[in-house]
Each structure stands twice: as structure tokens, then as C-alpha cells.
There are 2 protein chains.
Amino acid sequence: MNQIKIFTPASVANVSCGFDVLGFCLDTIGDFMIVSKTDTPGVQIGSVTGEKVPKDPLKNVASVAVLSLLETHPSKCGFKIDIDKQIKPGSGIGSSAASAAGAVFAVNELLGKPFTRNELIKFALAGESLASGAYHADNLAPVLLGGFTLVRSNKTLDIIKLPIPPELFATVIHPKIELKTIHSRAILKDTIPLNKAIEQWGNLGAFISALYTNDYELLSRSMEDKVIEPYRSILIPKFKEIKSAALSSGALGSGISGSGPSIYALSKGKEIAKKVGFSMELELKKLDIEFDLHISKINHEGIKIISHS
Amino acid sequence: MNQIKIFTPASVANVSCGFDVLGFCLDTIGDFMIVSKTDTPGVQIGSVTGEKVPKDPLKNVASVAVLSLLETHPSKCGFKIDIDKQIKPGSGIGSSAASAAGAVFAVNELLGKPFTRNELIKFALAGESLASGAYHADNLAPVLLGGFTLVRSNKTLDIIKLPIPPELFATVIHPKIELKTIHSRAILKDTIPLNKAIEQWGNLGAFISALYTNDYELLSRSMEDKVIEPYRSILIPKFKEIKSAALSSGALGSGISGSGPSIYALSKGKEIAKKVGFSMELELKKLDIEFDLHISKINHEGIKIISHS
């Protein structure tokens, strides 16, 4: 194999009660990448279409991730990465994670799969941390493994793939305002009340149980976040109204996607997910803020190979 | 039915990463209770054998729990409760929960089962809170429902019964020192570091996933508690040594049972659970502290009916 074309999807992290540990993979929004072997060793960024990303291989999350992989697994050939960037950087749906995970996935395929998808997470992290300033696998894990993932330990990268209730659909709305991950982190407190923490882990436990038992009502009841959302939502215009609109339209739950500004909702069935999207839109239209809207089933496989030669 | 004899088991709450939310039910230690209908309305405590408990119906957790049930469901007859108290009060394995849950369970049977086991939890709480000063269902839930239980919300009593990996055995050692729940609560801080909270809910999520997938290794990795154990363990002599001994003997994990002083361990298989118990014993013998030791499979049904007439 000399060239591979892939679809590397967007993802939602910090899923309500699962701050820093729980994420899931989207299916209808993502980047396309063509990675080709080259005769000269090293990694270069070829063409970039769609959104803008750096062309310097030491500043681009995709190439930095690949360089990290090549440190562990040296190769005589080099790699050129052409990127069709569809996920807007800073939108809160794992733009850098898609780049980093996609690049190491593609290179791993071209090298004859020396690593499992799970093993690729640590290389992708090297790229991801360049963009976010933090060292978190909660977007990378769902992109590489698909479905819902739980990061038990970010230190040891102990990551669990969770089951997906079959009728679950996501709605994600991206208000086009700028919000840096680093600012969303800065607004958080270093300590939290013990009683709120207990509620949070009770909810996360219940959320995970609901994924195994397809209990949509329990899933809905457990989608609470009293720890992070009260702070971060301040940075997102009309957050309360958009969330309320989603819930009134039948969403199981709704919250901040990643560190925002995107807002996600989960619904039972595609029709409700669409209706939820429509009512979220209405709120943003009142403010005259531009937005993107995505309706997606949960992507159970993660990155997909489109073609290779 | 005029009389019923039941076995109402001990339980382990605050299971490592699941402080205030996760508990499980034991099988080899518990109280026996005979509850009989009487002609005079009201509730009385009849004979008490084994450990000492108050005979005043307004001070006994069993009768207080029953009085709470009778407020919602009045009865023309009264009830007499004979208690063979085998679980030592203050041992950390749900002594008051067994009394409260057992009494409401038995009375509910005598009344023709107007309530489900789940509905009985709220009445039992009235009794339990008398003893512990706190309003927590994490011991009551496993006693009434059996197996592992998760209290998603203590406010709404949203409680989930979880599956049990078939080879799981518990070892519980009770060092006979006095430790009041109220003191164990007082030693805790009102706030906790956010990064420790994240580790805790990552571990709880993984623990619950492991229960559904019978993944004993994941269960073992997730049995960490960096939030509560570091504080409460100070109150338990030789805690570190006993826990280390359990882990060295092959336990999957070990921690404080309830608010202590009992220490529990979980193991894969009865033989390992016995070996773990032996090595925990050795540590306490060095200190010349008396103890009780219990080896038990996880009791999947909770309270059991022994006979009725």
C-alpha cells in the first residue's frame, strides 16, 4: 500500500457527567485525508483545503503525531499528508483530535499495521496536546475506537470501549464564536464540593449502566453536570435557552461539547434529533449568530478507510 | 401470613471508587428476625439476642423504619419484632441497614406486599438515618435488592441494580475497635481537588463497565480511591498493611468497608478470598486486636425468607 484515503470524524468529549473521561464519535462531520508514502524520510503537509491549518510539519497536529509514531517505529520512507479540513478548529468537536488520530491511523496502515488502534492513541496525543495545551485522550479515543469511550486513566491510557444503544442520535450545534480551550480550562476551579462530586460520579455510573442496558430513560436522568457546566456555560451565548429548547423538543439530555462553544444533545431516534436541531437553531437565529448544525448517529467504528492503492 | 422469619444480610458500602453510591450485599453474615402480627396496633421490639440494640421502639432502627412504612400504609394490626442481632453495630458492614431493611421487608410481606423492594428503601431510610445521622441508601439498597447497587441520586432514590461477575468473592475483616460513622464523616473535607474527582469518576465508570463484562482485570485496576481512603484510613490501625497483605495474596482490590473500621477485599474465586482473609488476619494478630473475619460470595438476592406461617 502506497497511498490511503480516510474519513476521520469529529467527536464529542466531556459528555455531561463524564468530564475529561467520556466521549463519543460522530458520523456526518469529519475531515478527509490522503496520506502517501514518499521516497524522502520525514513528514510533510501537502495540500490543505477547507479550514486553514499550519503547513509547517512541526506546528501541524497531524504531522507532529506521525513524527511521534515514527520515533517508536522508524521508517525508511517518508509521508505526505493532504488534508481536506472540514471540522473547524476551536469548534469543540475534536478538530485537532481528528487530524492527529487520522494521520497516525493512515500511517499505521501504510506501515502494515504495527500498532493496534488502541496503541495509536499515545502517538495521537503528542499531536493533540500541541493544539489544546492539555494532554487528554477523551476526543482521540472515540475517533480511533469508535462509539462511546471511557478514559479510566489518562496517565496509563487505560481506555474502555462502551456499547451504544441502537437508537441513539446526536445533534450538535456550533455557534460560530471563538472560544479557546485554554480559556475554557482557566474558568474552572481547582477544587469542587465533595457533594457535587458524589452526584457527578453517581450520574456517570448510571450513564454507563444505561449504555449496557439500552435504558434511554436512565441515560436521560444521568445526563447532568453540576460541576463544569455551570462555569463553562457562561462563555456560550444563549446556552441555557438552547439546552432548554433541546430538552423541550424531546432530547434525552444536552450539554457542552468538549470545551465549547458547540452544544450537543442526545436523542432517541433520528426524527427527534432533527426536531431538537431545529429548536436549537431557532435560539441562535434570535441572536443573529452564524452556526453549523450536525445530526448524526453514533459512529461505532471511528475512522473509516475510503480507498487505498 | 401472621409471622415471618427472615435473614437480613450485612453489606459493604463506599466500595473504593464509589463513595456514597456503590454497595454490595454479603451472604455469610447477617441478622435473623421474626416479625409477628399483633392485635394491638403499633410496633414493639420483642426479644433481642446477640448484639445489644435499643428496645424502645422510637430508638430502634427496625421499629422506626416500620413506623415510617405504616404512616404511608396504615394497618389495623400491630407488629412485634424479635431480633437475633449478629452484625455488630459500628462495624462498618451495614448493621443498622440490615435491621431497617429487614423490618420493612418482613412487615411488607405480612401486609401482602403493597410495596416493591425498591419502594421499601425510602421507609428503611427513616430507620437507617436514626443510627448513622446521615441519609444514605448505599447500604440499604444492596440489602433490599441484592448484588451490587448504584445510588444514582440519593435525593430521588434513583437506584440501579448491577450485574455480578460470577466468580467474585468478598473478604471482610472487622477489627474490634470502636469507630463512629459521625467521626468518619467529620474527617472528610468539604471540597476535593478536581483532578482527583476526575480520577475517581473514571474509576467508577470502569468498575461498572467491568461488572457488565466480567472483566476482573479492569475491576482490579479501577478499585482505587484517592479521595476518601487517604483520610479515613488514618482512623484504622494497620490499614495500609492489611490492604497490602490482601493485594499481595491475590485480591483484585481492597478498601474501607462503609465508614470502617472493617476492611473489605474482592477476589476472583473462593480460594483466593480465603487466602486473602488469612493474610489480613496475620496483620491484626501482630497488634493483638480482636477481629471477625467473613468470607462470602456476593449475595445476589438480598434479604431471604426462611419461613412463614
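Residues numbered from 1 in each chain as written. Chains lettered and ligands numbered in written order. Predicted model: local features only at pLDDT ≥ 70, side-chain atom pairs only at ≥ 80, totals over all residues.

**Things to note about the overall build of chain A**
What counts here: In DSSP terms, a helix is any run of H or I states spanning at least four residues, a strand is any run of E spanning at least two, and both are numbered starting from the N terminus. The globule rule used for comparison is 2.2 Å times the number of residues to the exponent 0.38, while the radius of gyration itself is calculated over C-alpha atoms. Here the C-beta atoms are placed from the backbone, and a residue counts as buried if at least 20 other C-beta atoms lie within 10 Å of its own, exposed if 12 or fewer do, and partly exposed otherwise. Two residues form a contact once the distance between their C-beta atoms, set from the backbone, is within 7 Å.
From N to C terminus, chain A includes 10 helices and 12 strands. For 309 residues, the compact-globule estimate of 2.2 N^0.38 gives 19 Å, and chain A sits close to it at 19 Å. The dimensions of chain A, computed from C-alpha atoms along their principal axes, are 55 × 40 × 35 Å. Within chain A, the fraction of its 309 residues that count as buried is 54%. Across chain A, every contact between residues at least 6 apart in sequence was considered, and the portion connecting residues at least 24 apart equals 75%.

**Examining the domain arrangement of chain A**
Frequently, the measure chosen for interface size is the accessible area removed from exposure when the parts meet. Residue and element names in this part refer to chain A. Inclusion rule: All the domain ranges listed were derived from an automatic or database domain assignment. In this classification, Asp, Glu, Lys and Arg are treated as charged, Ala, Val, Leu, Ile, Met, Phe, Trp, Tyr, Cys and Pro as nonpolar, and every other residue, Gly included, as polar.
Segmentation of chain A into domains returns domain 1 (3–162) and domain 2 (168–297). Taken together, the 26 residues of domain 1 in the interface contact 35 residues of domain 2. Taken together, the elements giving at least two residues each to the side of domain 1 that touches domain 2 come down to strand 1 (3–13), strand 2 (22–38) and strand 5 (148–153). It is strand 2 that provides the largest number of residues to the side of domain 1 that touches domain 2, a total of 5 residues. Taken together, the residues of the side of domain 1 that touches domain 2 sort by class into 13 nonpolar, 11 polar and 2 charged.

**Observations regarding the pairing of strand 5 (residues 148–153) of chain B**
Residues and elements named next belong to chain B. For clarity, the cut-off: Between any two strands, pairing holds if DSSP finds at least two bridges.
The buried count for strand 5 comes to 5 of 6 residues, which makes it a mostly enclosed element. In terms of strand pairing, strand 2 (residues 22–38) meets strand 5 through 3 bridges, oriented antiparallel. Paired with Phe24 across the strands is Phe148, a residue of strand 5. Two elements, strand 5 and strand 6 (residues 158–162), share 5 bridges in a ladder whose sense is antiparallel. When the bridges of strand 6 are listed, Val151 appears paired with Ile159. Hairpin geometry of strand 5 and strand 6 is characterised by an intervening segment of 4 residues between the two adjacent antiparallel strands and by a positive phi of about 50° at Leu157.

**Some details on the packing of helix 9 (residues 239–248) of chain B against helix 10 (residues 270–287) of chain B**
Residues and elements named next belong to chain B. The following threshold applies: Working convention: axes come from line fits to C-alpha atoms, limited for helices to the stretch in contact. Angles between N-to-C directions cover 0 to 180 degrees. If an angle is under 35 degrees, it is roughly parallel; if it is over 145, roughly antiparallel; if it lies from 65 to 115, roughly perpendicular; otherwise it is oblique. Working rule for handedness: look at the near helix, and if it is turned counterclockwise from the far one by less than a right angle, call the crossing left-handed; if clockwise, right-handed.
The geometry of helix 9 relative to helix 10 is characterised by a closest axis approach of 8 Å and an angle of 155° between their N-to-C directions. Overall, the two elements helix 9 and helix 10 adopt an arrangement that is roughly antiparallel. Crossing hand, helix 9 versus helix 10: right-handed. On helix 10, the residues touching Glu241, Ile242, Ala245, Ala246 and Ser248 of helix 9 are Val276, Ser279, Met280, Leu282, Glu283 and Leu284. Of the residues belonging to the contact of helix 9 with helix 10, the class tally is 7 nonpolar, 2 polar and 2 charged.

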